[in-house]
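Structural overview for review
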Amino acid sequence: MRGTRTEATALATLLIDIRACHACDADLPLGPRPVLRASETARLLIVGQAPGTRVHETGIPWNDRSGERLRSWLKMTPETFYDETRIAIVPMGFCYPGVNAKGGDLPPRPECAPLWHARIRALLPDIRLTLLVGQYAQAWYLGTRRSKTLTETVRRSAEFLKDGLVPLPHPSWRTTAWERKNPWFTDELLPNLRAELAALGL
């Protein structure tokens, strides 16, 4: 079922509201700049963590090395990846959350998902597949269904696929060693995922 004109208008209005959100201004070191993309005709939904500094600066989701690696996993060109008529990109936190004591990014702000995710998802009627990239997306969308570790959750991807969900690790440089330890990810999961994307015309 394709998105209707009413859904398109409602989604456009919702995106305006989200981009004007100030729910956690006081906790954002660089101020609010919600970064997300969505269209009522999108068939793939990518749920990541939160923007890093480069994404905050550019306003373009996954516009960094993690994004390059994610597109490599998916065998997807930037042109396809950023075609919001086909792919919605909705992170768990829409704004850059700042850094922790070790210099890494803080978790996504907890306000975003309860405020917005269900409302966005309700206006994306054509979504056939949702990629849950990283532990925060998996915790929100899988809840008690996820395993004790991210590795175990990702390895069960075939089980979640029947519900249109595919858990993935976050594609940071730290995942290089993880991939070497878990060859099934490259040898089995990614080819299967690419086949699912091809079936969606992606």
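Data block above holds the structure.
Residues numbered from 1 in each chain as written. Predicted model: local features only at pLDDT ≥ 70, side-chain atom pairs only at ≥ 80, totals over all residues. Heavy atoms only, no water.

Let us now look at the packing of helix H3 (residues 65-74) against helix H10 (residues 183-199). Closest axis-to-axis distance for the H3/H10 pair is 8 Å, and the angle between their directions is 80°. Taken together, the axes of H3 and H10 are roughly perpendicular relative to one another. Mapping the contact onto sequence places Ser72, Trp73 and Leu74 in H3 and Phe185, Leu190, Leu193, Arg194 and Leu197 in H10. (Axes fitted to C-alpha atoms, helices over the stretch in contact; angles between N-to-C directions. Helix = DSSP H or I, 4+ residues; strand = E, 2+ residues; numbered from the N terminus. Parallel < 35°, antiparallel > 145°, perpendicular 65-115°, else oblique. Contact = heavy atoms within 4.5 Å.)

A separate point is the pattern of salt bridges. In total, this model carries six salt bridges according to the counting rule given. For the salt bridge of Asp27 with Arg109, the shortest nitrogen-to-oxygen distance reads 3.3 Å. Here Asp27, found in the loop between helix H1 (5-19) and strand E1 (44-47), pairs with Arg109, found in the loop between strand E2 (87-89) and helix H5 (112-121); they are 82 residues apart in sequence, far enough to count as distant. The class of Asp27 is partly exposed, set by a relative accessible area of 40%. A salt bridge links Arg145 to Asp163; the nearest nitrogen and oxygen atoms lie 2.7 Å apart. Linking Arg145 in the loop between helix H6 (135-142) and helix H7 (150-155) with Asp163 in the loop between helix H8 (157-161) and strand E4 (165-168), this pair joins segments that are 18 residues apart in sequence. By relative accessible area, Asp163 is classed as partly exposed at 43%. (Salt bridge = Lys/Arg side-chain N within 4 Å of Asp/Glu carboxyl O. Buried < 20%, exposed > 50% of the residue type's maximum accessible area, 1.4 Å probe, protein only.)

Moving on: the layout of surface pockets. Of the volumes computed, that of the largest pocket is approximately 1,100 Å³. Elements with a contribution of two residues or more to the lining of the largest pocket: helix H2 (53-58), H3, H6 and helix H9 (175-181). In the lining of the largest pocket, the residues fall into 20 nonpolar, twelve polar and six charged. Taken as a whole, the second largest pocket holds about 200 Å³ of empty space. Considering the residues around the second largest pocket, the lining is formed by Val154, Arg155, Ser157, Ala158, Leu161, Val166, Trp184, Glu188, Leu189, Asn192, Leu193 and Glu196. Of all elements in the fold, only H7, H8 and H10 reach the threshold of two or more residues within the lining of the second largest pocket. For the lining of the second largest pocket, the element with the highest residue contribution is H10, accounting for six residues. Looking at the lining of the second largest pocket, its residues break down into seven nonpolar, two polar and three charged. (1 Å grid on protein atoms, 1.4 Å probe; cavity = no way out; pocket = protein on both sides within 12 Å on 5 of 7 lines; lining within 4 Å. Points joined across faces, edges and corners; volume = space filled by probe spheres on them. Nonpolar A, V, L, I, M, F, W, Y, C, P; charged D, E, K, R; others polar.)

Let us now look at empty space enclosed by the protein. With the rule as written, the count across this model stands at two cavities of 30 Å³ or more. What the largest cavity holds in volume is close to 80 Å³. Contributing to the lining of the largest cavity are 15 residues, with Cys21, Cys24, Pro34, Cys95 and Cys112 lying nearest its centre. Among the elements that line the lining of the largest cavity, the one with the most residues is H5, at three residues. Grouping the constituent residues of the lining of the largest cavity by class yields twelve nonpolar, one polar and two charged.

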